[in-house]
Structures are given as C-alpha cells and as structure tokens.
Amino acid sequence: MNEVRYAGFWIRFFASFLDTLFLALPVGILIYFLSDGNWFDFSQFQQNISYAMSGNAEKALANQPPKSLKWELLFEVSVLLVTLIFWRKWQGATPGKKFFHVKIVDAKTFKDIDNKQAITRSLGYIASTLILLMGFFMVAFRDDKRGLHDLLAGTAVIYDS
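So, a few notes on the structure that sits alongside this text.

Definitions and limits used
Residues numbered from 1 in each chain as written. Predicted model: local features only at pLDDT ≥ 70, side-chain atom pairs only at ≥ 80, totals over all residues. Heavy atoms only, no water. Helix = DSSP H or I, 4+ residues; strand = E, 2+ residues; numbered from the N terminus. Buried < 20%, exposed > 50% of the residue type's maximum accessible area, 1.4 Å probe, protein only. Contact = heavy atoms within 4.5 Å. Areas by Shrake-Rupley, 256 points an atom, 1.4 Å probe, with all protein chains shown as cover. Core = buried A, V, L, I, M, F, W, Y, C linked by side-chain atoms within 4.5 Å. Expected span 1.5 Å × (residues − 1). Phe/Tyr/Trp six-rings, centres within 6.5 Å; stacked < 30°, edge-to-face > 60°. Pairing = 2+ DSSP bridges. Axes fitted to C-alpha atoms, helices over the stretch in contact; angles between N-to-C directions. Left-handed = near helix turned anticlockwise from the far one by under 90°. Nonpolar A, V, L, I, M, F, W, Y, C, P; charged D, E, K, R; others polar.

When helices and strands are tallied, the chain shows eight helices and two strands. The helix and strand sequence of the chain, counted from the amino end, reads α-α-α-α-α-β-α-α-α-β. Judged by the C-alpha coordinates and their principal axes, the chain covers about 55 × 35 × 25 Å. Expressed as a percentage of its 161 residues, the buried residues of the chain come to 37%. Partitioning the intrachain contacts of the chain with sequence separation of at least 6 by distance along the chain shows that 65% fall at a separation of at least 24. Summed over its atoms, the accessible surface of the chain is roughly 10,200 Å², and 65% of this surface lies on carbon and sulfur atoms.

Here you go:
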C-alpha cells in the first residue's frame, strides 16, 4: 500500500456535514411525516429559534419541545442502518466521505471495516459527544487523526487512493 494519508479534522467535519444533509435529514423528514408530526413539536422549535434570535436564550432553553422517545429511537436506528449500508456498499464511505475521497478503514490493516467495528464506531459517537465533543476534537491533535470513536472501534479515516 502507498503511504497512508490520514484525513484531518476539517475534511471529516465537512464530510459529516454533507452526510447530515444527504442521510440524516431525509431520514428525519421521513420519520417526522411517519409520526404524523408527533416526533417533536416543530412549532415550538420555531418559537425557540425566535426567542434565541431576539437574545432571549434563557426562554428558548426553558421551553424545549417535547419529543417522542419511540420516534427518536426509530430515527437514531434508521440513521445507523442507512450509514451501515453505505459503509458496506462503498467500502467504508458515506456520501460525504465519498465526495471528499476519504474512507473508514481498520486502523491496523487499512482494509474494510467489519460490522462489529461499524457498530462500535457508531456507538462511539455517543461517547465522543458526551465529553463535550472532545472525542471529535482529538482528531485535530493526534498524528493518526483518530477520534475517540475510532480508538474504540479500531478504525481510522484515510484518503482513498
């Protein structure tokens, strides 16, 4: 294999942003309509944005829209399954990663990840998020550009040669 080039923080950030637009957002819209609007109160969400834009963040935070746990779980599981499908079909890439020519690989062999690694990595996002996003920011400071979720799953994100 040629010299491995690890994908850094910003390229991964923008790839994740595209994945949110092309994977999570369509799934979210579908779940919202399947729930007949019961997943969350969109009007309350709009009201909170108005409060925040007018400088009343305290009121916006105090009035969080109620969410249905059933529909939230369906959304989270659906996004996970769609992501896993892309990882398997596109050898460790999602639409965002494909666009930026990066992919997720096993950190030791640089070969495709297996299902266990894919699921562990996805669940590792929770840990990376819960510690004030530090699990993601690790990518910016490590030579191998691995975040907490990568370390937990034994994965790395590299440029696709």
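Once that is clear, we can look at the nonpolar core. One recurring pattern in soluble globular proteins is that nonpolar side chains are buried together. Counting nine residues, the largest nonpolar core consists of Ala7, Ile11, Leu84, Trp87, Val102, Ile104, Ile113, Ala118 and Val157. Among the elements of the structure, helix H4 (69-89) and strand E1 (102-106) are those that each provide at least two residues to this core. The residues contacting Ala118, other than those within four sequence positions of it, are Leu84, Trp87 and Ile113. Within the second largest apolar cluster, seven residues are counted, among which are Ala24, Ile31, Trp71 and Val79.

This next bit is on H4. Note that an α-helix has 3.6 residues per turn; residues three or four places apart therefore point the same way. An ideal rise of 1.5 Å per residue puts 30 Å on 21 residues; H4 measures up with 30 Å between its terminal C-alpha atoms. Listed in full, the buried residues belonging to H4 are Trp71, Glu72, Phe75, Ser78, Val79, Thr83, Leu84 and Trp87. Contact partners of the buried residues in H4: helix H1 (9-34), E1 and helix H6 (115-130). Backbone geometry just after H4 places Gln91 at a positive phi near 45°.

Applying the stated criterion across every chain, the model contains twelve aromatic pairs. Residues Trp10 and Phe13 carry aromatic rings whose centres are separated by 5.5 Å and whose planes lie at 75° to one another, so their mutual orientation is edge-to-face. Placement of both Trp10 and Phe13 in helix H1 is noted, with a separation of three residues, approximately one turn of the helix. The exposure class assigned to Trp10 is exposed, which follows from its relative accessible area of 55%.

This part is about the pairing of E1. E1 sits mainly inside the fold: five of its five residues count as buried. For E1 and strand E2 (residues 155-159), the ladder comprises five bridges, and the chain directions are antiparallel. Residue pairing for E2: Val105 is matched across the bridge by Ala156.

Bringing unusual backbone geometry into the picture now. Residue Phe110 is not a glycine yet carries a positive backbone phi of 60°. Mapped onto the fold, Phe110 is located in the loop between E1 and H6. By relative accessible area, which is 21% here, Phe110 ends up partly exposed.

Inspection of the secondary structure assignment puts Asp19 in helix H1. Every residue in contact with Asp19, bar those within four places of it in the chain, is listed here: Ala24, Thr94, Pro95, Gly96 and Lys97.

This brings us to the packing of H1 against H4. With their axes 10 Å apart at the nearest point, H1 and H4 run at an angle of 145° to one another. Both H1 and H4 take part in a crossing whose hand is right-handed. On H4, the residues that touch Leu23, Ala24, Val27, Gly28, Ile31 and Leu34 of H1 are Trp71, Leu74, Phe75, Ser78, Val79, Val82, Thr83 and Phe86. Its residues assigned to classes, the contact of H1 with H4 shows eleven nonpolar, three polar and no charged.

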